[in-house]
Amino acid sequence: MVNYHKPESKAIQELKDIANKLRIHSIRATQASKSGHPTSCASMAEIMSVLFFHTMKYKVSAPRDPSSDRFILSKGHAAPILYAAWAEAGLFPTSELLNLRKFDSDLEGHPTPRLNFIDVGTGSLGQGLSVAAGMAYVGKVYDKASYRVYCLVGDGESAEGSIWEALHFASHYNLDNLCVIIDINRLGQSEPTALQHNMETYRKRLEAFGFNALVVDGHDVEELAKAFHEAQNTKERPTALLAKTFKGKNFPNIEDLENWHGKPLGGKADEVIQHLTSLLVNPGPLGLHPQKPLVEDAPAVDISNIKLNTPPNYKLGEEVATRLAYGTALAKIAANNNRVIALDGDTKNSTFSEKIKTVDPSRYVECYIAEQNLVGVATGAACRDRTVAFVSTFATFFTRAYDQIRMGAISQSNVNFVGSHCGVSIGEDGPSQMGLEDIALFRSIPGATVFYPSDAVSTERAIELAANTKGICFIRTSRPNTPVLYANDEPLSIGKAKVVKSSPKDQVLVIGAGITLHEGVKAAEELAKAGINVRVLDPFTIKPIDAATIIKNAKEVGGRIVSVEDHYPEGGLGEAVASAVALERNIILKKLAVPKVPRSGPPNVLLDAFGISARNIVAAVQEVLKL
């Protein structure tokens, strides 16, 4: 094997000692919190010891240094041993471990980036490997740096399809800077895993996915050290260490037994700690230095103040689909900043994310039809502020990745989602392709910003704003061409609505977005012929909604509002408006939305049949005027 030097016997013994110290810390921390997963920690103790005290390159003084190796604990319930490793490495006193899970401690039950050594929140299983793959992709393709990415996966969570999506992605892109460790400890939460210790099946599966698959004794530090060395020297494909381990390893009368998942040891703790202490040859301070010098070759990155490289250039009334304007804007900000990237799930010629390839083909990442992995990879790509990631697909397909998006918010991720083909306005493709729940999904994400631009100009500005906005952003784009409403120099801001049609004699406020804003304008023109003036408002962002402008304009028209949206009634524009006016007296709201599962048909027929066309808005206005 290339340049492999077997560790000295003293170092091997120290690694064994560290593993048992990490077990002791995990027991004590979970005893103090009266909750946690000490047996899940015990199975991976030698893996953590070898990684943190022999293999990985990192700075204790700067855990998120851009040139340092990355570690993702996908089986987040084993957080206590991760905290213990960083404490033993010297980041904080080991006494702090006894604050595990306390309200005023950031050592939470599962890892979150409240801690300066955590890149993403984990614990919703099956997600860590996608994030690690995104980090590795950035390291190999954009940073072209020496750092490596390690991801520890539990055997139980390897049943998740998202794990296999991530394995495929990593292999397809030859991510040889990625090392996956599967902690195969045989036992799940409630019963043994499906494969238990059938190591040959694991090996065949990982090899079939294109990995350098190494079956190792997960409790043999020398074997682990050698395997990690091989992983470092394997080129053009990622490596998977398939570590045969035992849950509760070195816990007498607990090791490899069922019904110990997620339980502190209680009355058995002292006995087990005494046994573990007896295994220590050197219980004192470490002779090993946990840090190895970094190769500081990750380039400096600036992702601030991203702008369109040229302003919008449209004519008023020109018909342009907002999905096409997204592609145009994406290319413009990519030309302005070389860290803007686009990821898509094989819909790039429909979402128009492919336009970024006209600027730089390498800035487009094809994730294929695997939306959970698509979102996870984007989350990893955005870590440590290495890229500005825009993720696109049909709006409805984000629903299958809701958990990844939710965990992205917990991870304090800055990822921008663009969902096209929303609502019944897509027409003949039918309800399976229609995003009718997407606004509700993204409105429910804490801290998210939800844009719903209604023309090409506002779409370009939404993309520019999203690129500079912290947290999760969602931009909803439409399939049909719609008229340009705004001048190219129109100022647009998050949380600021626009009145697009008004008169001093207005009697009703119509609020629409996207397709339905244009239907609202048509309805206003039709009503004007009958002597009824209505005001039309474009919210621009659904979250935050511009409550002040809505309330002001509603009061000016006598307190009557009609909202109309190409979305189901629950959780969309109408409910955002209802929340905005909930504490106001003398305001009534009639909501128009798609009331049931729609069907295929021409867009205009569907808008009318499902109650959100100009004709339906006219009828709703006439109805509220009678109240």
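In the annotation of an unreviewed UniProt entry, the entry for the protein reads transketolase, and the organism field reads Cephus cinctus. Taken directly from UniProt, the Sequence similarities (unreviewed entry) text for the protein runs: "Belongs to the transketolase family." Listed under Subunit (unreviewed entry) in UniProt, the entry text for the protein is "Homodimer."

A. Structural detail: the overall build of the protein. Within the protein one finds 20 helices and 19 strands. Taking 2.2 N^0.38 as the reference for a compact globule, 627 residues should give roughly 25 Å; the C-alpha atoms of the protein span a radius of gyration of 28 Å, in line with that estimate. Its C-alpha atoms put the protein at 90 × 50 × 40 Å along the principal axes. The buried share of the protein, taken over its 627 residues, is 60%. Put simply, 79% of the contacts in the protein that link residues at least 6 apart link residues at least 24 apart. For the protein, the exposed surface amounts to about 23400 Å²; the carbon and sulfur share of it is 49%. Here the protein holds 67 positive side-chain charges and 69 negative ones, and the gap between their average locations is 2 Å.

B. Examining the state of the cysteines more closely. With the rule as written, the count across this model stands at zero disulfides. Here cysteine 151 stays unpaired: no disulfide links it, and the sulfur of cysteine 179, its closest cysteine neighbor, is 9.6 Å away. Note on cysteine 473: no disulfide assigned, nearest cysteine sulfur contributed by cysteine 383 at a separation of 16 Å. On the basis of relative accessibility, which here comes to 0%, the residue cysteine 473 falls in the buried class.

C. The nonpolar core, seen in detail. In terms of nonpolar packing, the biggest core is built from 85 residues, with Leu343 and Phe417 touching the most fellow members. Broken down by element, the residue count for this core peaks at nine residues, all from helix H5 (residues 128-143). Counting 51 residues, the second largest nonpolar core, distinct from the first, contains Val50, Leu82, Leu97 and Phe117.

D. Structural view of the pattern of salt bridges. In the structure shown here, the tally under the stated rule is 32 salt bridges. The closest approach of N and O atoms between arginine 339 and aspartate 143, which form a salt bridge, is 2.7 Å. One end of the pair, arginine 339, is in the loop between helix H10 (322-336) and strand S7 (340-344); the other, aspartate 143, is in helix H5, and 196 residues separate them in sequence. The exposure class assigned to aspartate 143 is buried, which follows from its relative accessible area of 4%. With a closest N to O distance of 2.9 Å, glutamate 366 and lysine 348 form a salt bridge. With glutamate 366 in strand S8 (residues 364-366) and lysine 348 in helix H11 (residues 348-351), the pair connects residues that are 18 residues apart, well separated along the chain.

E. View of the environment of glutamine 274. Relative to the helices and strands, glutamine 274 resides in helix H9 (residues 269-279). C-alpha of glutamine 274 to C-alpha of isoleucine 24: the two residues are 250 residues apart in sequence and 9.2 Å apart in space.

F. Up close: helix H13 (residues 402-410). Looking only at H13, the buried set comprises Gln404, Ile405, Met407, Gly408 and Ala409. The first or second residue beyond H13 is glutamine 412, which carries a positive phi of 60°.

G. Structural context of the packing of aromatic side chains. Taken as a whole and assessed by the stated rule, the structure comprises 20 aromatic pairs. Judged by centre distance (5.4 Å) and plane angle (85°), the ring pair of phenylalanine 398 and phenylalanine 417 falls under edge-to-face. On the criterion of sequence distance, the pair formed by phenylalanine 398 in the loop between strand S9 (388-394) and H13 and phenylalanine 417 in strand S10 (residues 415-420) is long-range, its members being 19 residues apart. A relative accessible area of 0% places phenylalanine 398 in the buried class.

H. Structural context of the sheet that holds strand S11 (residues 449-451). Read across the open sheet, the seven strands follow the order S8-S7-S9-S10-S12-S11-S17; overall the sheet is mixed. Both outer strands of the open sheet, S8 and strand S17 (541-543), are each paired with one neighbouring strand and no more. When strand polarity is set aside, the average angle formed by the axes of neighbouring strands in this sheet is 20°. By the bridge criterion, six bridges tie S9 to S10 in an arrangement that is parallel. Each bridged residue has a counterpart across the sheet, and for serine 392 the counterpart in S10 is valine 418.

I. Examining the sheet that holds strand S3 (residues 178-184) more closely. Here five strands make up an open sheet; going across it, the order is S1-S2-S3-S5-S4 and the pairing parallel. With one partner strand each, in any of the chains shown, strand S1 (70-73) and strand S4 (212-217) form the two edges of the open sheet. Each adjacent strand pair in this sheet contributes to an overall mean axis angle of 20°, direction not counted. Where strand S2 (residues 149-154) meets S3, six bridges bridge the pair, whose relative direction is parallel. Paired with valine 149 across the strands is leucine 178, a residue of S3. Across the face of the sheet, H5 comes into contact with S1, S2 and S3 while running at roughly 170° to S2. Here helix H7 (residues 199-208) sits on the sheet and contacts S3, S4 and strand S5 (239-244); the angle it forms with S5, its principal contact strand, is near 170°.

J. How the structure looks around the packing of H10 against helix H15 (residues 456-467). The contact between H10 and H15 brings their axes to 8 Å, and the two run at 45°. As far as their axial angle goes, H15 and H10 are oblique. In the crossing of H10 with H15, the sense of the turn from one axis to the other is right-handed. Packed against H10, whose contacting residues are Thr322, Ala325, Tyr326, Thr328, Ala329, Leu330, Lys332 and Ile333, the element H15 presents Ala456, Thr459, Glu460, Ile463 and Ala467 at the interface.

K. Structural detail: the environment of glycine 380. Structurally, the position occupied by glycine 380 is in helix H12 (residues 371-382). Residue glycine 380 is classed as buried on the basis of its relative accessible area of 3%. C-alpha of glycine 380 to C-alpha of valine 624: the two residues are 244 residues apart in sequence and 49 Å apart in space. Look past the residues within four positions of glycine 380 in its chain and what remains in contact with it is Val131, Gly134 and Met135.

Cut-offs and rules
Residues numbered from 1 in each chain as written. Predicted model: local features only at pLDDT ≥ 70, side-chain atom pairs only at ≥ 80, totals over all residues. Heavy atoms only, no water. UniProt positions renumbered as here; feature names shortened; annotations may be inferred. Helix = DSSP H or I, 4+ residues; strand = E, 2+ residues; numbered from the N terminus. Rg over C-alpha atoms; globule rule 2.2 N^0.38 Å. Buried < 20%, exposed > 50% of the residue type's maximum accessible area, 1.4 Å probe, protein only. Contact = heavy atoms within 4.5 Å. Areas by Shrake-Rupley, 256 points an atom, 1.4 Å probe, with all protein chains shown as cover. Lys, Arg positive; Asp, Glu negative; His and termini not counted. Charge placed at Lys NZ, Arg CZ, Asp CG, Glu CD. Disulfide = S-S within 2.5 Å. Core = buried A, V, L, I, M, F, W, Y, C linked by side-chain atoms within 4.5 Å. Salt bridge = Lys/Arg side-chain N within 4 Å of Asp/Glu carboxyl O. Phe/Tyr/Trp six-rings, centres within 6.5 Å; stacked < 30°, edge-to-face > 60°. Pairing = 2+ DSSP bridges. Axes fitted to C-alpha atoms, helices over the stretch in contact; angles between N-to-C directions. Parallel < 35°, antiparallel > 145°, perpendicular 65-115°, else oblique. Left-handed = near helix turned anticlockwise from the far one by under 90°.

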